[in-house]
Amino acid sequence: MKLKSVFDASEIKSEFESAGINPKFAIQIWKYVIQNLDCVWDEIPSLPSAAYSLLHSKFKTLTSSLHSLFHSSDGTTSKLLIKLQNGAFVEAVVMRYDTRLGMLGGKPRPGGIRSTLCISSQVGCKMGCTFCATGTMGFKSNLTSGEIVEQLVHASRIADIRNIVFMGMGEPLNNYNAVVEAVRVMLNQPFQLSPKRITISTVGIVHAINKLHNDLPGVSLAVSLHAPVQEIRCQIMPAARAFPLQKLMDALQTFQKNSQQKIFIEYIMLDGVNDQEQHAHLLGELLKTFQVVINLIPFNPIGSTSQFETSSIQGVSRFQKILRETYKIRTTIRKEMGQDISGACGQLVVNQPDIKKTPGTVELRDIEDLLL
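Residues numbered from 1 in each chain as written. Predicted model: local features only at pLDDT ≥ 70, side-chain atom pairs only at ≥ 80, totals over all residues. Heavy atoms only, no water.

1. Notes on the packing of helix H1 (residues 9–18) against helix H3 (residues 49–58)
Packed helices, taken two at a time, are described by the angle their axes make and the gap between the axes. Cut-off, in case you're wondering: All axes are obtained by fitting lines to C-alpha atoms, using only the stretch in contact for helices, and the reported angles, taken between N-to-C directions, cover 0 to 180 degrees. By definition, any uninterrupted DSSP run of H or I lasting at least four residues is a helix, any uninterrupted run of E lasting at least two residues is a strand, and each is numbered from the N terminus. Orientation categories follow fixed angle ranges, with anything under 35 degrees roughly parallel, anything over 145 roughly antiparallel, 65 to 115 roughly perpendicular, and all other angles oblique. In this scheme the crossing of two helices becomes right-handed for a clockwise turn of the near helix relative to the far one and left-handed for an anticlockwise turn of less than a right angle. Whether two residues are in contact is decided by their heavy atoms, any of which lying within 4.5 Å being enough. Gly falls in the polar group here, along with every residue not listed as nonpolar (Ala, Val, Leu, Ile, Met, Phe, Trp, Tyr, Cys, Pro) or charged (Asp, Glu, Lys, Arg).
Two elements in contact, H1 and H3, have axes whose closest approach is 11 Å; the angle formed by their N-to-C orientations is 135°. Judged by the inter-axis angle, H1 sits oblique to H3. Remark: the crossing between H1 and H3 carries right-handed chirality. Of H3, the residues touching H1 (which contributes Ile12, Glu15 and Phe16) are Ala51, Leu54, Leu55 and Lys58. Class assignment for the residues of the contact of H1 with H3 results in 5 nonpolar, no polar and 2 charged.

If you want it as structure tokens, here you go:
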């Protein structure tokens, strides 16, 4: 029988309740395992005697393992290649930023280096976005909530994780129940992350957006919009055919009304496809009634056969200027991190880069500051 992850909250709580064990002991177990990853169940103190036999028969401390760890040449990014119990692999990325480069009340933020974890929710992805390496894998499987949480456990061994972004492999809202359960674990002991430090990204799964705020109040929403009109979205994001742009905008309007939170808009810049001045104006008109932060993302090549080219620096700057000056929309240009280890946006696909060195750290601004 395949053993389950002890971080699968619903599984361990259900098993404990069936055995007459208080499910609150799960938190004690999680805390011990995080601090002692190589522990065996009998080493955990002060559990009911029935808990030990149950843990031995049905659960593992970790069902995944850290197979490989790669560091970018500038020291800001680390990519974790994680092997699952079924032999499949997923990737997670730790990005290090300097909080002092963010602004708070018009002044530099206090603090220093902090880390954001980009986490995966699926092996592969069904969405088939033509600019994304993960889309070339096709869909393999959903991760369990425990496998999602275990990415945080592994990453916590190499960095003090403050922020979580569900922007890794897979469409998080296509694995809705597991993602919601995993986030709830992260929000509570022993992790105790703040909901405003967790961002869930989606291509626009409308029915899931409609219930996200009720299920995870305070958690931020990011939308992979990537085009201001339905025709272009369908061209570069085949899944957009199932979620017409107007229905998506209606869902975002309802989300914002209910949550009173800014929405993070992701927009990849593809030369000659969606990066012209007319596209900037169309995007500004589409979003001018929303409270959003637009993040312009330079396209990261995914191999010599890519059908897209990266927009020029000048073109991206012009695009940003139109949105800022004409439409007064807060717009940033994403600083790319981890390209040399295929850890940048759109590059996550199971492979093993060669670079493993870690020179001095370069200070960068955390895009998550823009959501606070």
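2. Considering unusual backbone geometry
Formally: Burial classification: accessible surface area is computed with a 1.4 Å probe over protein chains only, and a residue below 20% of its type maximum counts as buried, one above 50% as exposed, and the rest as partly exposed.
A cis amide bond, omega 5°, links glutamine 189 with the succeeding residue proline 190. Inspection of the secondary structure puts proline 190 in the loop between helix H5 (176–187) and strand S12 (198–202). Located in the positive-phi region is glutamine 192, a residue other than glycine, with phi close to 55°. Mapped onto the elements of the fold, glutamine 192 is located in the loop between H5 and S12. The phi torsion at lysine 328 lies on the positive side, around 55°, for a residue other than glycine. With respect to the element layout, lysine 328 can be found in the loop between helix H10 (313–326) and strand S16 (330–333). The exposure class assigned to lysine 328 is exposed, which follows from its relative accessible area of 67%.

3. A word on the packing of helix H6 (residues 206–215) against helix H8 (residues 245–259)
Taken N-terminus to C-terminus, the directions of H6 and H8 make an angle of 5°; their axes are 9 Å apart at the nearest point. Taken as axis vectors, H6 and H8 run roughly parallel relative to one another. Residue-level contacts link Val206, Ile209, Asn210, Leu212 and His213 of H6 to Lys247, Leu248, Ala251, Leu252, Phe255, Asn258 and Ser259 of H8. By residue class, the composition of the contact of H6 with H8 is 7 nonpolar, 4 polar and 1 charged.

4. Comments concerning the pattern of salt bridges
Our working definition: Definition used for salt bridges: Asp or Glu carboxyl oxygen within 4 Å of a side-chain nitrogen of Lys or Arg.
Enumeration over the complete set of coordinates arrives at 7 salt bridges. For lysine 79, the salt bridge identified is with glutamate 91, shortest N-O distance 3.3 Å. A residue pair is termed long-range when its members are at least 10 positions apart, and lysine 79 in strand S4 (residues 77–83) and glutamate 91 in strand S5 (residues 89–98) qualify at 12 residues. A relative accessible area of 0% places glutamate 91 in the buried class.

5. Describing the sheet that holds S5
Convention followed: Strands are labelled as partners when DSSP assigns at least two bridges between them.
With mixed pairing, the 10 strands of this open sheet are ordered in space as S3-S4-S5-S8-S11-S12-S13-S14-S15-S16. Looking at strand neighbours, the two that pair on one side only are strand S3 (65–71) and S16, the edges of this open sheet. Put simply, the sheet's adjacent strands are angled 25° from each other on average, direction ignored. By the bridge criterion, 7 bridges tie S4 to S5 in an arrangement that is antiparallel. Within S5, the residue paired with lysine 83 across the bridge is phenylalanine 89. Against the sheet, H8 contacts strand S13 (220–224) and strand S14 (263–269), and its axis sits at roughly 165° relative to S13.

6. Structural notes on helix H9 (residues 277–287)
Quick reminder of the rule: The directions considered for the arc are those from the helix axis to the C-beta atoms.
Listed in full, the buried residues belonging to H9 are His279, Ala280, Leu283, Gly284 and Leu287. For H9, the arc enclosing every buried residue in end-on projection is 140°, short of the 170-degree limit, so these residues lie on one face. Turning to H9, the residues buried within the fold contact helix H7 (230–236), H8, S14, strand S15 (292–298) and H10.

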